[in-house]
Amino acid sequence: MAEIVGAYFTSHVPAIGGAIHRGDQQEPYWKPFFDGFPRVHEWLAEVKPDVAVVFNNDHGLNFFLDKLPTFAVGAADRYDNADEGWGLPLYKSFAGHAALSWHIIEQLVHDEFDVTTCQKMTVDHALSIPFELAWPGVEEWPVRIVPIAINTVQHPLPSAKRCLALGRSVHRALAGWQGDERIVVIGTGGLSHQLDGARAGFMNPDYDRFCLDNLSRDPDALTAHSIHDIVRLSGTQGVEILNWIAARGALGPGAHEIHRNYHIPISNTAAATLLLEPA
Ligand code: DHB
Ligand code: FE
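Overview of the structure. (Residues numbered from 1 in each chain as written. Chains lettered and ligands numbered in written order. Predicted model: local features only at pLDDT ≥ 70, side-chain atom pairs only at ≥ 80, totals over all residues. Heavy atoms only, no water.)

## Here we look at the site of ligand 1
Point 1. Neighbouring ligand 1 are the residues His-12, Val-13, Pro-14, His-59, Trp-86, His-125, His-193, Leu-195, Glu-240, Ser-267, Asn-268 and Thr-269.
Point 2. Here His-125 contributes a side-chain N or O atom positioned 2.8 Å from an oxygen atom of ligand 1.
Point 3. The separation between an oxygen atom of ligand 1 and a polar side-chain atom of His-193 is 2.9 Å.
Point 4. Starting from 300 Å² of accessible surface for ligand 1 in isolation, the protein chains cover 96%.
Point 5. Partitioned by chemical class, the residues of the shell around ligand 1 number four nonpolar, seven polar and one charged. (Near = heavy atom within 4 Å. Polar contact = N/O pair within 3.5 Å; in protein donor to acceptor, adjacent residues only side chain to side chain. Areas by Shrake-Rupley, 256 points an atom, 1.4 Å probe, with all protein chains shown as cover. Nonpolar A, V, L, I, M, F, W, Y, C, P; charged D, E, K, R; others polar.)

Listed below in structure tokens is the structure:
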């Protein structure tokens, strides 16, 4: 039987890619963020996942404002990385797991989620940066991926409650999958940040702590806030917490925290890294 080994969450600020490229991990600005990763590397070496189900958001690469699915599931055997404009180096392409993607899609549609299925999909910094942080410098990514993109960009956005339910539906799919894969669930983005408008630079450590504390023990607590509450509490791009909430749902009913790191700021973002294991 397949096993869900745990969940890995991290921010996906594009500037991290530049820091990795320059080898700046030990520079004073970057060190407190990169110091969160030796534990992640150790954990991944322990749990040895071979598949990753990745909840992230597209930043205008596949989907622009003219066509923006609320939930889009990749169903390809290969996903190339592309840069939607940050000037980042391109990362290795990602092997997909189309059979598992279709199994997840079947479950989601059965559970009345009207998802967009993408047999062609590129992935942007929301996926490549967390991978380069998790497996720095590897020749081939050690996991095949199922990418799931949540609209965190153009309102109306799906509610936190809906995203947690989406994740729980993915969990049912994984629990019913007959393969013998070792699956890690990944949520990327956040935490609080706002890149534009009058509150550009806004961050909120209190709300971030509330999220980090409750992701393991009571993820439903995060669904008490409406999208407009979350924008107010976390910033216009802080709504990327939706990716984390969905990933938490996919992990399963109980979870315990094994590692966290939190540092303000990385670029305009309150940067966080979290590892959870099933309870
Ligand atoms: C930044 C953060 C993001 O999540 C993103 O997608 C782009 C930029 C930032 O803080 O610079
Ligand atoms: Fe982002």
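The structure having been displayed, the exposition proceeds.
## A closer look at the packing of aromatic side chains
Point 1. Throughout the structure, instances matching the rule amount to eleven aromatic pairs.
Point 2. With a centroid separation of 5.6 Å and 85° between ring planes, the pair formed by Phe-131 and Trp-141 is classed as edge-to-face. Of this pair, Phe-131 sits in helix α5 (residues 125-134) while Trp-141 sits in the loop between α5 and β8 (144-150); the two residues are ten residues apart in sequence, bridging distant segments of the chain.
Point 3. With relative accessibility at 0%, the residue Phe-131 sits in the buried group.
Point 4. The class for Trp-141 is buried, based on a relative accessible area of 8%. (Phe/Tyr/Trp six-rings, centres within 6.5 Å; stacked < 30°, edge-to-face > 60°. Helix = DSSP H or I, 4+ residues; strand = E, 2+ residues; numbered from the N terminus. Buried < 20%, exposed > 50% of the residue type's maximum accessible area, 1.4 Å probe, protein only.)

## Side note on the environment of Gln-26
Point 1. Locating Gln-26 in the fold gives a position in the loop between α1 (14-22) and α2 (31-34).
Point 2. Gln-26 gets classed as exposed once you look at its relative accessible area, which sits at 56%.
Point 3. Residues Gln-26 and Arg-182, 156 residues apart in the sequence, show an inter-C-alpha distance of 32 Å.

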